[in-house]
Amino acid sequence: MRWLPGNGEVASEGRGSWGLWGRQEARRLDCAGHDRCGQALLQIGINMMALPGGHHLDAIPLPGQRLHLMQVDSVQRWMEDLKLMTECECMCVLQAKPISLEEDAQSDVILAGGPGPGDPLQLLLKRGWVISTELRRIGQKLAQDRWARVHSMSVRLTCHARSMVSEYSTVSRSSSQEMGQTEKLLMEKCSELSAITERCLQVENEHVLKSMKACVSETLSTLGQHFGQLLELALTREVQALVRKINASDNIYITESTTGNLFSLTQEGAPLCRIIAKEGGVVALFKVCRQDSFRCLYPQALRTLASICCVEEGVHQLEKVDGVLCLADILTDDSHSEATRAEAAAVVAQVTSPHLPFTQHLGSFLESMEEIVTALIKLCQEASSGEVFLLASAALANITFFDTMACEMLLQLNAIRVLLEACSDKQRVDTPYTRDQIMTILANLSVLEQCASDIIQENGVQLLMGMLSEKPRSGTPAEVAACERVQQKAAVTLARLSRDPEVAREAVRLSCMSRLIELCRSPSERNSSDAVLVACLAALRRLAGVCPEGLQDSDFQQLVQPRLVDSFLLCSNMEESFV
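Computed from a predicted model, the values in this text were never measured in an experiment.

(A) Just the overall build of the chain, in detail. Within the chain, the secondary structure is distributed over 30 helices and two strands. Residues classed as buried in the chain amount to 45% of the 579 residues present. Contacts spanning at least 24 positions in sequence make up 70% of the contacts within the chain whose residues lie at least 6 apart. Of the roughly 29,600 Å² of accessible surface on the chain, a fraction of 52% belongs to carbon and sulfur atoms.

Structure follows, in structure tokens:
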């Protein structure tokens, strides 16, 4: 077999390998006329259909074939010829024209491969995605009063639901009574939806249709609820089976495979993470992380835990099994690989995320915070790659939001020196995402008075100047947003540190005021970000208070003297001149 790059097909080197080439040749010969193309492609097909051993199709004896072809009718003869012929007009239509203008063919294409035999999880996820998509599309067509489409899609939805129930019953164990009842309710609602939408096709009175539309909408909503309940019950059963398998296994290969399946499920979204947490997935994974015989599986288990802890249930389960203490043990144990400690840092970053309100009540974290912070700084210092440094610095950044004591600990542990030294190491700090984490830490540390002297000592003002000039390389939305955050946090840090006159004078000496004015007046320099504008105005005003001689009169009158909101409105409405 060989792989055909770019088209996703696998072709054999023998009889079937000419199909793609033939299609390309059909397009090339399109202008030559129907008859000539047919003859040319027929010859191409015959010449290229080489069989193993060097034989060709015309060399294979076919006794009685000519007599057989003479006796059959013209349609049968045409059917026989189709095996060896390519109609270029048909190929052009198939390759250049959409089959459905409604763009409804996607779900059918997705199911074309079908889940593997005996794979209930993939079956549920694939069928579940298709049915969810159909429900959403029916709702869209219903809002547009396109009743013919609503009915045809309702019939198709019923087929998908029946297929899911039938296929899952075939590959899974005996279903529970609750699942049986939910399946029955689902199919009844599917039949009801098909029937009522069919009746709507025969109604012409708009007032009657309006009342029936409300009924269809209610039926569709109830159907969606039953489908969600059935899918959750089925997925819960499969997750329970995976968790039991992890708990009962002492085989490293079985545990690795099962943990990998759990990780794949976490990538399907928060609802599945909640199911895994409720069914003991966090407990089972920490059990793996506490067994020396499974040390090589620690990174995979920790990566799965980080994904599960994006939901409240996962964090609560982590606290119940003393997960923070286990993470601290892993981070402080140098016998663990760097990859293992980096994944432990990722879990710490997740459970201390300031964007998740429930993580702020993680009381057990405070008991181990000093050990964890010390280990994370060491990991930043020794990181061999940008990914490891990113995970460790993200954990430190989140911890600075988690508790104010953490900032004092970081200063005592010379975190500023470690972070500023890393900024000059392209192997560790190579993306705006990493610089975003560093600037988060520095911005939070800058609240403390001691931070200013450390920044001056480590030549940190020059670094802040460089951060104000952060530019995206690829132009992707994520990278542009990261660069905006870097600029904003650099300006905030500079504004806070400029309380110290020494820092302010150093900033003026390095032309920070000129760069801040440029960011304020030129929207393209800040990617038209209002957050960056506000931070730069605040920093500029703080520096102007210490060194007003660094400003021109126009800049002072427009950017410093007015109220902050007036300067903001002036700069945000400013149009650039290209003259």
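(B) Local environment of the packing of aromatic side chains. Under the counting rule described, the total for this entry stands at one aromatic pair. Here F365 and F402 contribute two aromatic rings whose centre-to-centre distance is 5.0 Å and whose plane-to-plane angle is 75°, an arrangement assigned as edge-to-face. Residue F365 is located in helix α18 (residues 363-382), and its partner F402 is located in helix α19 (residues 386-402); the two are separated by 37 residues in the primary sequence. For the pair F365 and F402, one class covers both residues: buried.

(C) Highlighting the pattern of salt bridges. Scanning all chains against the criterion turns up 20 salt bridges. Residues K189 and E192 are paired through a salt bridge, measuring 3.2 Å at the closest nitrogen-oxygen approach. Here K189 pairs with E192, and both are found in helix α9 (residues 177-201), just three residues apart, close to one helical turn. Residue classification places E192 among the partly exposed residues on the basis of a relative accessible area of 33%. Between E525 and K471 there is a salt bridge; the shortest N-O distance is 3.2 Å. You can see E525 sitting in the loop between α27 (512-521) and α28 (530-546) and its partner K471 sitting in the loop between α24 (460-467) and α25 (477-497), a full 54 residues away along the chain. On the accessibility criterion, K471 (39% relative accessible area) is partly exposed. Here the salt bridges share partners, and the residues they tie into one network are K471, R515, E518 and E525.

(D) Broad picture of the packing of helix α10 (residues 206-248) against helix α12 (residues 270-278). Running from N to C, α10 and α12 point in directions that differ by 50°, and their axes come no closer than 10 Å. Comparing their axes, α12 and α10 come out oblique. For α10 against α12, the interelement crossing comes out right-handed. Residue-level inspection shows E232, L235, T236 and V239 of α10 in contact with α12, the latter providing L272, I275 and I276. Broken down by class, the residue content of the contact of α10 with α12 amounts to five nonpolar, one polar and one charged.

(E) Summary view of the confidence of the model for the chain. Predicted confidence across the chain gives a mean pLDDT of 80, with 79% of residues reaching 70 or more. Under a pLDDT of 50 for its full length, residues 1-71 has, in the predicted model, 66 contacts with residues more than four places off or in other chains.

(F) Region of the structure containing a nonpolar patch on the surface. A cluster of nonpolar side chains, contributed by V75, W78 and M79, occupies part of the molecular surface with about 330 Å² of accessible area. Here M79 is to be found in helix α4 (residues 74-82).

(G) Focus on the side chain of T197. The topology assignment puts T197 in helix α9. A polar contact is formed between the side chain of T197 and the backbone oxygen of L193, at a distance of 2.8 Å. When near neighbours in sequence (up to four residues on either side) are disregarded, T197 contacts V150, H151, S154 and V216.

(H) Structural view of the nonpolar core. Counting residues in hydrophobic clusters, the biggest one holds 151 residues, and the most contacted among them are L302, L318, V348, F365, I372, L376 and I399. Among the elements that take part in this core, α10 stands out by supplying 14 residues, more than any other. When sequence neighbours within four positions are dropped, the list of residues in contact with V348 reads L327, L331, F365, I372, L376, A395 and I399.

(I) Inspection of the environment of C423 at higher detail. Residue placement: C423 occurs in helix α21 (residues 415-423). A relative accessible area of 14% means that C423 is categorised as buried. Placed twelve residues apart in sequence, C423 and R435 show a C-alpha to C-alpha distance of 7.8 Å. Excluding residues that lie within four positions of it along the chain, C423 makes contacts with V429, I438, L463 and M467.

Rules used in this analysis
- Counting starts from 1 at the beginning of each chain's written sequence and moves along it residue by residue.
- Restriction of local features to residues with pLDDT of at least 70 applies here, the model being predicted, together with a cutoff of 80 or more for giving and counting side-chain atom pairs; totals for whole chains, interfaces and linings are based on all residues.
- To get the side-chain values, all heavy atoms of the structure are used, and hydrogens and water are removed first.
- Helical segments are the DSSP runs of H or I of at least four residues, strand segments are the runs of E of at least two, and each set is numbered from the N terminus.
- Only protein chains enter the accessibility calculation, which uses a 1.4 Å probe. A residue is then buried if its area is under 20% of the maximum for its type, exposed if over 50%, and partly exposed in between.
- Here a residue-residue contact requires only that any non-hydrogen atoms of the pair lie within 4.5 Å.
- For accessible areas, the Shrake-Rupley method is used with a probe of radius 1.4 Å. Any residue's cover is judged against the shown protein chains and nothing else.
- Ring pairs shown here join Phe, Tyr and Trp side chains whose ring centres sit within 6.5 Å, with only the six-membered ring taken for Trp; geometry is labelled stacked below 30 degrees between planes, edge-to-face above 60, and tilted in between.
- We define a salt bridge as a contact between a side-chain nitrogen of Lys or Arg and a carboxyl oxygen of Asp or Glu at a distance within 4 Å.
- Whenever a helix is involved, its axis is fitted only over the stretch in contact; in every case the axis is a line through C-alpha atoms, and angles between N-to-C directions fall within 0 to 180 degrees.
- Should an angle fall under 35 degrees it is taken as roughly parallel, and over 145 as roughly antiparallel, whereas 65 to 115 is taken as roughly perpendicular and any remaining angle as oblique.
- Left-handed describes a crossing in which the near helix is turned anticlockwise from the far one by less than a right angle; the clockwise case is right-handed.
- Only Asp, Glu, Lys and Arg are considered charged, only Ala, Val, Leu, Ile, Met, Phe, Trp, Tyr, Cys and Pro nonpolar, and every remaining residue, Gly among them, polar.
- Each residue carries a pLDDT score, the predictor's own confidence in it, on a scale running from 0 to 100.
- For patch building, the residue pool is restricted to those with more than 30% relative accessible area and no salt bridge; the joining distance is 9 Å between like charges and 5 Å between nonpolar side chains (Val, Leu, Ile, Met, Phe, Trp, Tyr).
- Under the rule applied, a polar contact is a pair of N or O atoms within 3.5 Å (in protein, one hydrogen donor and one hydrogen acceptor; residues adjacent in sequence only if both atoms are side-chain atoms).
- Nonpolar core, defined: a set of buried Ala, Val, Leu, Ile, Met, Phe, Trp, Tyr and Cys residues in which side-chain atoms within 4.5 Å join the residues together.

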